[in-house]
Amino acid sequence: DAGVIQSPRHEVTEMGQEVTLRCKPISGHNSLFWYRQTMMRGLELLIYFNNNVPIDDSGMPEDRFSAKMPNASFSTLKIQPSEPRDSAVYFCASRPSGTMNTEAFFGQGTRLTVV
Amino acid sequence: ILNVEQSPQSLHVQEGDSTNFTCSFPSSNFYALHWYRWETAKSPEALFVMTLNGDEKKKGRISATLNTKEGYSYLYIKGSQPEDSATYLCARPLAGKLIFGQGTTLQVKP
């Protein structure tokens, strides 16, 4: 397996534009997480899906952020409209659910810059 | 909810020094404790997943211990090398999620 795949790796956009980040989890992993890395808060959990269903989105900063998982092999994180304070590295991770003993596998991240 | 605390926040050591840092977590409803290594410009990678009180795990020069009764885990690096420079994260599973600490950033000077 190629691991968790995220795209794009880098995104530069103007304030107000819509941004869509994509993630392909490892096949067979039915838990998927979106994290954001910031200097202030470290690795911050935004939303968690289990079997394609959003279980906990309490970390989503505001209504400008939305995430979907239409099937087991694809998820998106959308920001509309984007703001400069959204600039960060966004990570997607997946792991098998049903046990606490399995590690999470992270994608390479998307570095978002909103100017 | 940030209920995983790590200390120190950062650490600078000389090559060859041994070092350790701490992860603290609530001792109630314990399931597991994860350690990850996060190099600059890369993604976090798992080092250990620990589940039992008294667990001790080792990978090369890196080892970790777990005390679930008092709610802490130590990560040790013996004979630090420049390639050990990274941020070390611990994480606690909670309701299916992984809650990460802020990490300890280690810089090993040649």
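See the structure above.
Quick caveat: nothing in here was measured; it's all calculated off a predicted structure. Note that residues are indexed from 1 along each chain, following the sequence as it is written. The lettering of chains begins at A and the numbering of ligands begins at 1, in the order of writing. Residue-level local features of this predicted model are given only where pLDDT is at least 70; pairs of side-chain atoms are given and counted only at 80 or more, and the full residue set underlies all totals for whole chains, interfaces and linings. The basis for every side-chain value is the complete set of heavy atoms in the structure, and neither hydrogens nor water enter the calculation.

**Concerning unusual backbone geometry**
Phase 1: For the bond running from S7(A) to P8(A), omega is -10 degrees, close enough to zero to count as cis.
Phase 2: Here the amide bond leading from S7(B) into P8(B) is cis, since omega sits at -5 degrees, within 30 degrees of zero.
Phase 3: A positive phi angle, close to 75 degrees, is found at N52(A), a residue other than glycine.
Phase 4: Checked against the element boundaries, N52(A) lands in the loop between β5 (42-50) and β6 (53-56). Numbering of helices and strands starts at the N terminus; helices are DSSP runs of H or I of at least 4 residues and strands are runs of E of at least 2.

**A short note on the interface of chain A and chain B**
Phase 1: Two residues qualify as a contact provided that any one of their heavy atoms is within 4.5 Å of a heavy atom in the partner residue. Contacts between the two partners involve 20 residues from chain A and, on the opposite side, 19 residues from chain B.
Phase 2: A carboxyl oxygen of Asp or Glu within 4 Å of a side-chain nitrogen of Lys or Arg is what we treat as a salt bridge. Summed over the shared surface of chain A and chain B, the result is 1 salt bridge.
Phase 3: Taking the shortest distance from any N to any O, the salt bridge between D56(A) and K97(B) comes out at 2.5 Å.
Phase 4: Polar contact criterion, stated in full: a pair of N or O atoms within 3.5 Å, where within protein one must be able to donate a hydrogen and the other to accept it, and residues adjacent in sequence count only if both atoms are side-chain atoms. Run the count over chain A and chain B and you get 5 residue pairs in polar contact (both at pLDDT 80 or more).
Phase 5: Mapped onto the side of chain A that touches chain B, the elements with two or more residues apiece are β4 (31-38), β5 and β9 (88-95) of chain A.
Phase 6: The element that contributes the greatest number of residues to the side of chain A that touches chain B is β5(A), accounting for 4 residues.
Phase 7: Each residue gets one of three labels, nonpolar for Ala, Val, Leu, Ile, Met, Phe, Trp, Tyr, Cys and Pro, charged for Asp, Glu, Lys and Arg, and polar for the others, Gly among them. Looking at the side of chain A that touches chain B residue by residue, the class counts come to 10 nonpolar, 6 polar and 4 charged.

**Overview of the state of the cysteines**
Throughout this description, disulfide means a covalent bond between two cysteine sulfur atoms.
Residues and elements named next belong to chain A.
Phase 1: When two cysteine sulfur atoms are found within 2.5 Å, that pair is recorded as a disulfide. Tallied over the entire structure, the rule returns 2 disulfides over all chains.
Phase 2: Put simply, C23 and C92 are joined by a disulfide, and their sulfur atoms are 1.9 Å apart. Disulfide C23-C92: torsion about the S-S bond near -65 degrees, hence left-handed. Taken as a pair, C23 in strand β3 (residues 19-24) and C92 in strand β9 lie far apart in primary sequence, 69 residues in all.
Phase 3: We classify C23 as buried; its relative accessible area is 1%. Only protein chains enter the accessibility calculation, which uses a 1.4 Å probe. A residue is then buried if its area is under 20% of the maximum for its type, exposed if over 50%, and partly exposed in between.

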